[in-house]
Amino acid sequence: MESPDIQAADGSRRLKLLSANIQAGSSTRRYSDYATRSWSHVLPAGKRTALDAIATLAGTHDIVGLQEADPGSWRSGFTNQTHYLAERGGFEYWTHQPNRRVGAVASSANGLLSRLEPIEVVNHALPGRISGRGVLLSRFGEGDDGLVVAVAHLSLGAQSRLSQLSFIAEVLADHPHAVLMGDFNCTSDRPEMSVLYRQTGLQPPACAVHTFPSWRPQRAIDHILVTGNLRCADMKALPAAFSDHLALSTELHVPESALRR
């Protein structure tokens, strides 16, 4: 594993980022599995193998944003999956944001794994027609110039997404070095996405990387968006074990000033 202190040719820091909807370690390899393997979404069987594969992938990165990580319910064998991945992937720092619970059977969270110590972590609940979505915000540098990394899992409905993206835009508006990653449930050119581009420094991706469904990727609905003062390279989709989403990986070039403590 490369050190997160590696410098790019322009003197900036080079960090490898990963965003992954891990589907709580469940296996979906075709559309019919949503029906025929629905048991895998509520039972713990088989999830440890998938998590170990995800940990291997995560371990080659410096900062990892997780969606649909179970924080400890029946379906995960009461394992906090973010913590498990941090230990297996060799991450010293981790945090999670539980946001949806179905009794004691299933629960879901956004998560962050990091080799860099965050200065601050803030959990925000997101608006929407149905509650239970959130954005997890971590800051890695002092002051307004500091690097901010946000992890979110947005709603399926366009109107709810608009409300959520408007909220996120307000939170990130004053941060020139910001990253927003996660499962957006929409492509980057949807009308509701424009609020981000208008009100923050976040930029539309240079090219669409298809991540869903994982067995035949046709839609680019997982994104790593960065502000204009940051630079991404080598954006690519990678298998996240047997999740229905591919993970999204990129190399981020960050000015030293944005990581100053």
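Residues numbered from 1 in each chain as written. Predicted model: local features only at pLDDT ≥ 70, side-chain atom pairs only at ≥ 80, totals over all residues. Heavy atoms only, no water.

> I'd like a description of the overall build of the protein chain, backed by residues and values.
Across its full length, the protein chain carries five helices and 11 strands. A fraction of 68% describes how many contacts in the protein chain between residues 6 or more apart in sequence connect residues 24 or more apart. As presented, the protein chain carries roughly 11100 Å² of accessible surface, and 51% of it is formed by carbon and sulfur atoms. (Helix = DSSP H or I, 4+ residues; strand = E, 2+ residues; numbered from the N terminus. Contact = heavy atoms within 4.5 Å. Areas by Shrake-Rupley, 256 points an atom, 1.4 Å probe, with all protein chains shown as cover.)

> How would you sum up the packing of aromatic side chains? Please name residues and give values.
Within this structure, the stated rule accounts for zero aromatic pairs. Just above the ring of Phe91 sits the side chain of Arg115; from NZ or CZ to the centre is 4.2 Å. (Phe/Tyr/Trp six-rings, centres within 6.5 Å; stacked < 30°, edge-to-face > 60°. Lys NZ or Arg CZ within 6 Å of the ring centre and 35° of its normal.)

> So what's going on with the pattern of salt bridges? Residues and values would help.
When their charged atoms lie close together, side chains carrying opposite charge are able to pair. Taken as a whole, this structure holds seven salt bridges when the rule is applied. For Glu256, the salt bridge goes to Arg13, with nearest N and O atoms at 3.6 Å. Linking Glu256 in the segment after strand S11 (246–254) with Arg13 in strand S1 (residues 13–21), this pair joins segments that are 243 residues apart in sequence. For Arg13, a relative accessible area of 11% translates into the label buried. Between Glu192 and Arg161 there is a salt bridge, with its nearest N and O atoms 2.6 Å apart. Separated by 31 residues along the polypeptide, Glu192 in the loop between strand S8 (178–183) and helix H5 (194–199) and Arg161 in helix H4 (residues 158–172) bring together distant segments of the chain. Each of the two residues, Glu192 as well as Arg161, counts as buried. Here the residues in one salt-bridge network are Arg161, Arg190 and Glu192, joined through shared partners. (Salt bridge = Lys/Arg side-chain N within 4 Å of Asp/Glu carboxyl O. Buried < 20%, exposed > 50% of the residue type's maximum accessible area, 1.4 Å probe, protein only.)

> Which residues make up the packing of helix H2 (residues 47–58) against helix H3 (residues 81–89), and what values go with them?
With their axes 9 Å apart at the nearest point, H2 and H3 run at an angle of 50° to one another. Relative to H3, the element H2 is oriented oblique. Relative to H3, H2 is oriented so that their crossing is right-handed. Side by side, H2 and H3 meet where Lys47, Arg48, Leu51, Asp52, Ile54 and Ala55 of the first sit next to Gln81, Tyr84, Leu85, Arg88 and Gly89 of the second. (Axes fitted to C-alpha atoms, helices over the stretch in contact; angles between N-to-C directions. Parallel < 35°, antiparallel > 145°, perpendicular 65-115°, else oblique. Left-handed = near helix turned anticlockwise from the far one by under 90°.)

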